[in-house]
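A closer look at the structure
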Amino acid sequence: MVWKRSAGVGFIAVSIVGCQQPALPPPPLPPLTQSCAFTNTPEVVVPAEQALTGISAGRRGIEPALISVAVRAEDDFRQDGTMYVPGPDVGYHPYHINHPRFFARTDAPKHVTASMLWSSAGTYYDRAPAFSMLCLDVDGATLAFYTARILQPNTIVRLNFSPPIRPRRPRNPPPEQPAS
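Now for a quick tour of the structure. (Residues numbered from 1 in each chain as written. Predicted model: local features only at pLDDT ≥ 70, side-chain atom pairs only at ≥ 80, totals over all residues. Heavy atoms only, no water.)

1. Focus on the nonpolar core
Of all hydrophobic cores here, the largest spans 25 residues; its most connected members are L52, I55, I67, F103, V112, V157 and L159. If we ignore the near neighbours within four places in the chain, the residues touching I67 are A57, G81, T82, M83, V85, S115, M116, T155 and V157. In this structure, C36, F131, M133 and Y146 belong to the second largest nonpolar core, which totals 6 residues. (Core = buried A, V, L, I, M, F, W, Y, C linked by side-chain atoms within 4.5 Å. Buried < 20%, exposed > 50% of the residue type's maximum accessible area, 1.4 Å probe, protein only. Contact = heavy atoms within 4.5 Å.)

Printed below as a string of C-alpha cells:
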C-alpha cells in the first residue's frame, strides 16, 4: 500500500498490485530434416560392409563439454574413450580412437554411441544434454547435443563411415578363338 496526499482531502490509499506475466512456453525445438530424429539414446548402426573411419567433435556453445564414445558388444557397451571438446569454434577436432578393433569392418553391423556431459562452470561435468538429435547421411552420422531448447547445438559429434565393400564380380573369360 502506498499512501498519497490528495489536494485538500487528506490521504488516499493507492494499491499497487504487481502483474505477473504467465510463464512463456519453451521455445520450439530445431526443425528436423527427413534424415534426423530426436533421441535420448543416440545409437548409430554402422552397416556390416562399412567401417567407422573417423570421429570428430566440435563445440559451438560456451559451456565446456566432454564426450564419451562407446560400442555395443552383445548387451553391454564398451567405452573407447573420452574427449574434452575444445571451443567454442566452428571447426571439428579429431577424436583419437583407442580401440580400432571396435570400429573395424566385421560380418555384423556395429552399434556406436556417444554421450555428452557439460559444465556451466567448467569444474564438474555433471549435466546431461537437454536433448539430442541424430542425423544419418550416406557416409556417416551426426549427433548433436543441446544444453537447452535453442536452435544451435552445444556439441556435435561426427561419425564417418568407409565406403561399402561391394562383392567382386567374376571376370568374363576371354572369347574363344577359332582353331586354325
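2. Some thoughts on the environment of H111
Looking at the secondary structure, you find H111 in strand β9 (residues 110–118). We classify H111 as partly exposed; its relative accessible area is 27%. Separated by 37 residues in sequence, H111 and E74 place their C-alpha atoms 9.6 Å apart. Not counting the four nearest positions on each side in its chain, H111 is found in contact with E43, V44, V45, A70, V71 and R72. Among the polar contacts made by the side chain of H111, one reaches the side chain of E43 at a distance of 2.7 Å. (Helix = DSSP H or I, 4+ residues; strand = E, 2+ residues; numbered from the N terminus. Polar contact = N/O pair within 3.5 Å; in protein donor to acceptor, adjacent residues only side chain to side chain.)

3. Some words on the packing of aromatic side chains
For any pair of aromatic rings, the description rests on two quantities: the centre-to-centre distance and the angle between the ring planes. Throughout the structure, instances matching the rule amount to 3 aromatic pairs. Summarising the aromatic geometry, the rings of F38 and F131 are spaced 5.6 Å apart at their centres and angled 75 degrees between planes, so their arrangement reads as edge-to-face. One end of the pair, F38, is in strand β3 (residues 36–39); the other, F131, is in strand β10 (residues 131–137), with 93 residues separating them in the sequence. Clustering of aromatic rings is evident, with ring pairs tying together F38, F131 and Y146. Taking the ring centre of Y92 as reference, the NZ or CZ of R60 above it sits at 4.8 Å. (Phe/Tyr/Trp six-rings, centres within 6.5 Å; stacked < 30°, edge-to-face > 60°. Lys NZ or Arg CZ within 6 Å of the ring centre and 35° of its normal.)

4. Digging into the sheet that holds strand β6 (residues 65–73)
Strand order in this open sheet of 4 strands is β4-β9-β6-β7, and the pairing throughout is antiparallel. Two strands lie at the open edges of the sheet, namely β4 (43–46) and β7 (76–85), each paired on one side alone. Strand-to-strand twist of the sheet, defined as the mean angle between neighbouring strand axes without regard to direction, takes the value 25 degrees. Looking at chain direction, β6 and β9 are connected through 8 bridges and run antiparallel. Note that in β9 the partner of R72 across the bridge is H111. (Pairing = 2+ DSSP bridges. Axes fitted to C-alpha atoms, helices over the stretch in contact; angles between N-to-C directions.)

5. So, the side chain of D80
Residue placement: D80 occurs in strand β7. Buried and unpaired, D80 has R101 as its nearest opposite-charge partner, separated by 7.5 Å. Among the polar contacts made by the side chain of D80, one reaches the main-chain amide nitrogen of H99 at a distance of 2.7 Å. Dropping the residues within four chain positions of it, D80 is found in contact with V69, A70, Y95, H96, I97, N98, H99, F102 and F103. (Lys, Arg positive; Asp, Glu negative; His and termini not counted. Salt bridge = Lys/Arg side-chain N within 4 Å of Asp/Glu carboxyl O.)

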